[in-house]
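Topology and contacts: notes
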Amino acid sequence: MKFSKSKLMAALLACTTMMYPVSVLKASATEEYRLNLHDEATMTEEEKHIKEYCDIAINTVNNIRVQYGLQEVKTFGLLNEATCVRAMETKEFYGHKRPDGSECWSVLAEYKIQRNGGAENIAAGRDNPVDTVDQWMNSEGHRKNILDKKFSHIGIGYYKSDDPEDPYEHYWSMFLICNYEAGIAKSYENDYYPTRDLGDADGSHTINANDSAMILTYAANLSAGVDYPVVHDFAEAADVNGDGSVDAVDASVILAYSADYNAGITDAQLTDYIW
């Protein structure tokens, strides 16, 4: 059987995800590429961009998890920082060991992050967080990790190569970890669910037809008496006219705004289209 170049590349990048038991983690010698994703007041523009990528990917994962009856996963800055180190390292060695030969989990020890088990997904080649989550969902091992009910927290890491000859350029890592005590998920300091602004029903940080479609699907199922599970802040983001109902009117407002914005009316405000 012959594979096209694109299919062969996809197969190579769909690296089998590995899961590790709790063990004594040894620190790595890798010290470059340390980001600040936990203190917004001192973030650089690049760090703000990477944090946004992390939040979009996590919102996308949570959209998927709730559809399967699973709890949403939270994140926190230090976990994303550690995961970004892993994204950077996969450019040098594309696998679940680090360039110095230690296990991927040793980066969490460097950030003093405790866990009770976990999984790592890695990917390369796509520059969009939603597309990257889709890449993972189309790979059996990665999908299994994303849909594992035991995980309580997620970290997303992104690294863009500055090598003009790098065929992949964009590198991603995902840590899914659990932090339970007596069956109850414990919080990490400053953990959070990424926010969704008004109109951004799907959490992609872009208000467009995808948000409208999600609202219409939700409203149609609700009208038919069919349960359509959504994330905890979906209604707050989707009810753009503030009438307490998520319905076709909200979807129409979003479509009108999106059409004008895409037509070049960049000063358009969503609230201008509420009727």
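Scope of this entry: the structure provided in the associated data block. (Residues numbered from 1 in each chain as written. Predicted model: local features only at pLDDT ≥ 70, side-chain atom pairs only at ≥ 80, totals over all residues. Heavy atoms only, no water.)

**Describing the pairing of strand E2 (residues 118-124)**
The buried fraction of E2 amounts to seven of the seven residues, a majority that puts the element mostly inside the structure. The alternating pattern of E2 places Gly 118, Glu 120, Ile 122 and Ala 124 on one face and Ala 119, Asn 121 and Ala 123 on the opposite face, and all of these are buried. Judged from the seven bridges that link them, E2 and strand E4 (residues 170-177) form a sheet pairing that is antiparallel. Bridge pairing in E4 links Glu 120 to Phe 175. (Buried < 20%, exposed > 50% of the residue type's maximum accessible area, 1.4 Å probe, protein only. Helix = DSSP H or I, 4+ residues; strand = E, 2+ residues; numbered from the N terminus. Pairing = 2+ DSSP bridges.)

**What about the packing of helix H2 (residues 45-67) against helix H5 (residues 129-137)?**
At a minimum axis separation of 8 Å, H2 and H5 run at an interaxial angle of 45 degrees. By the angle between their axes, H2 is oblique relative to H5. Seen along the crossing, H2 lies across H5 with a hand that is right-handed. Of H5, the residues touching H2 (which contributes Tyr 53, Ile 56, Ala 57, Thr 60, Val 61 and Ile 64) are Pro 129, Val 130, Val 133 and Met 137. Among the residues forming the contact of H2 with H5, the class breakdown is nine nonpolar, one polar and no charged. (Axes fitted to C-alpha atoms, helices over the stretch in contact; angles between N-to-C directions. Parallel < 35°, antiparallel > 145°, perpendicular 65-115°, else oblique. Left-handed = near helix turned anticlockwise from the far one by under 90°. Contact = heavy atoms within 4.5 Å. Nonpolar A, V, L, I, M, F, W, Y, C, P; charged D, E, K, R; others polar.)

**Concerning the pattern of salt bridges**
Enumeration over the complete set of coordinates arrives at twelve salt bridges. Here Glu 45 makes a salt bridge to Lys 48, at a shortest N to O gap of 3.6 Å. Taken together, the positions of Glu 45 and Lys 48, both in helix H2 and three residues apart, correspond to about one turn of that helix. Between Glu 89 and Arg 86 there is a salt bridge, and its shortest N-O distance comes to 3.0 Å. Taken together, the residues span about one helical turn, with Glu 89 and Arg 86 both in helix H3 (residues 77-92) at a distance of three residues. Here the two residues Glu 89 and Arg 86 agree in accessibility, since each one is buried. One continuous salt-bridge network, built from bridges that share partners, spans Arg 34, Arg 86, Glu 89, Arg 98, Glu 110 and Glu 120. (Salt bridge = Lys/Arg side-chain N within 4 Å of Asp/Glu carboxyl O.)

**Here we look at the packing of aromatic side chains**
In the structure shown here, the tally under the stated rule is nine aromatic pairs. Look at Tyr 53 and Tyr 158: their rings are 5.0 Å apart centre to centre, the planes differ by 65 degrees, and that puts the pair in the edge-to-face class. Here the residue Tyr 53 occupies a position in helix H2, and Tyr 158 occupies one in strand E3 (residues 153-160), the gap between them amounting to 105 residues. As far as burial versus exposure is concerned, Tyr 53 and Tyr 158 are alike and both buried. Here Arg 115 stacks its cationic end above the ring of Trp 105, 4.2 Å away from the centre of that ring. (Phe/Tyr/Trp six-rings, centres within 6.5 Å; stacked < 30°, edge-to-face > 60°. Lys NZ or Arg CZ within 6 Å of the ring centre and 35° of its normal.)

**Looking at unusual backbone geometry**
Negative phi is the rule for most residues except glycine; trans is the rule for most peptide bonds. Non-glycine residue Lys 112 carries a positive phi angle of around 60 degrees. Along the polypeptide, Lys 112 turns up in the loop between helix H4 (106-110) and E2. Given the relative accessible area of 71%, Lys 112 is considered exposed. Of note, the phi angle at Glu 169 is positive, near 65 degrees, even though the residue is not glycine.

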